Amino acid sequence: MASLIANDCARHEIRFVDIYAQPHVLIDDGKAWVSVSPKNAVPALRLDLGEWLTEIGVILQYIADRAPESGLLPEAGSMARYRVLEWLSYVGSDVHKTIGLLFHPLMPEAAKDIRRQNLHRRLSYIEQHLADLPYLTGERFTVADAYLFVMIGRRPYFKFDLSPYPNVFRFHARVASRPSFASFLGLIEPVLDKVRLPAFPR
Ligand SMILES: N[C@@H](CCC(=O)N[C@@H](CS)C(=O)NCC(=O)O)C(=O)O
């Protein structure tokens, strides 16, 4: 399950896509997702004029730039921003894409084990990095933290134990205690019984 956000950020509508169904379908009306968004992946953001924006790392920047006062992304041109982008890229290419294939039902266990070893290297790096920091780039929560949080939250599904990474575990708990996460859970609760996943991983 994952979300499609329509319209602009301050006024937005979220629709959910069942990506475990083949073909992927919009949960509310059963429409094939590929007929709406040709990449057939989530998330995708439809802007007010009907234009679509895809790719997590870009959508996150777009949303954060629409609300600069949120501090979710430092200002363009600053070194602080490049640090956040550096993490966005690492989470997207090294963490997300390593985890993604662990979900695949046809992926042989031996191949999944190689992926788990890769994931171990990446989480070990993040573990060290978070030793003295509450968030990836310091004291402030940014879009990169949001992305990493979602990826780590999937661990019950890909059978990956976080206990060897106590700093990563604490990071996850820290983000989960933010009020915005409670609002998010309230938002997705009604659709949870419509998808195959047992529960949203906390
Ligand atoms: N390059 C895309 C990849 C997004 C992605 O992998 N989405 C997954 C869910 S986390 C998906 O939609 N998978 C369904 C599929 O590829 O069929 C991005 O960064 O947004």
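Residues numbered from 1 in each chain as written. Predicted model: local features only at pLDDT ≥ 70, side-chain atom pairs only at ≥ 80, totals over all residues. Heavy atoms only, no water.

### A word on the overall build of the protein chain
A tally of helices and strands in the protein chain yields seven helices and five strands. Taking 2.2 N^0.38 as the reference for a compact globule, 202 residues should give roughly 17 Å; the C-alpha atoms of the protein chain span a radius of gyration of 17 Å, in line with that estimate. Reported as C-alpha extents along the three principal axes, the dimensions of the protein chain are approximately 45 × 45 × 30 Å. A buried classification covers 41% of the 202 residues belonging to the protein chain. (Helix = DSSP H or I, 4+ residues; strand = E, 2+ residues; numbered from the N terminus. Rg over C-alpha atoms; globule rule 2.2 N^0.38 Å. Buried < 20%, exposed > 50% of the residue type's maximum accessible area, 1.4 Å probe, protein only.)

### Digging into the site of the ligand
The environment of the ligand is made up of Ile19, His24, Asn40, Ala41, Val42, Glu55, Ile56, His96, Lys97 and Arg154. For the ligand, a nitrogen atom lies 2.6 Å from a polar atom in the side chain of Glu55. One of the side-chain N or O atoms of Lys97 is found 2.6 Å from an oxygen atom in the ligand. Both domains that furnish three or more residues to the shell around the ligand are identified here as domain 1 (2-68 + 181-192) and domain 2 (72-179). (Near = heavy atom within 4 Å. Polar contact = N/O pair within 3.5 Å; in protein donor to acceptor, adjacent residues only side chain to side chain. Domains from an automatic or database assignment.)

### Quick notes on the side chain of Thr142
Along the chain, Thr142 falls in the loop between α3 (109-129) and α4 (143-152). If we ignore the near neighbours within four places in the chain, the residues touching Thr142 are Gly71, Leu72, Val84 and Thr137. (Contact = heavy atoms within 4.5 Å.)

### Observations regarding the packing of aromatic side chains
The final tally for this structure, using the stated rule, is eight aromatic pairs. Taking the centre distance of 5.6 Å and the plane angle of 70 degrees together, the rings of Tyr90 and Tyr125 count as edge-to-face. Highlighted residues: Tyr90 in helix α2 (residues 79-100) and Tyr125 in helix α3, separated in sequence by 35 residues. Tyr125 gets classed as partly exposed once you look at its relative accessible area, which sits at 40%. Ring centres of Phe149 and Phe181 lie 4.9 Å apart, and the angle between their planes is 85 degrees; this geometry places the pair in the edge-to-face category. One end of the pair, Phe149, is in helix α4; the other, Phe181, is in helix α7 (residues 179-192), and 32 residues separate them in sequence. Residue classification places Phe149 among the buried positions, given a relative accessible area of 7%. Clustering of aromatic rings is evident, with ring pairs tying together Trp87, Tyr90 and Tyr125. Sitting over the face of the ring of Tyr62, Arg66 holds its NZ or CZ atom 4.0 Å from the ring centroid. Lying over the aromatic face of Phe141, Arg178 brings its terminal NZ or CZ to 4.0 Å of the ring centre. (Phe/Tyr/Trp six-rings, centres within 6.5 Å; stacked < 30°, edge-to-face > 60°. Lys NZ or Arg CZ within 6 Å of the ring centre and 35° of its normal.)

### Regarding the domain arrangement of the protein chain
According to the domain assignment, the protein chain contains domain 1 (2-68 + 181-192) and domain 2 (72-179). Taking only C-alpha atoms into account, the centre of domain 1 sits 21 Å from that of domain 2. Taken together, the contacts link ten residues of domain 1 with 14 residues of domain 2. For the domain 1 and domain 2 pair, buried surface summed over both sides reaches about 1000 Å², with 66% attributable to carbon and sulfur atoms. (Buried area = accessible area lost by both parts, 1.4 Å probe.)

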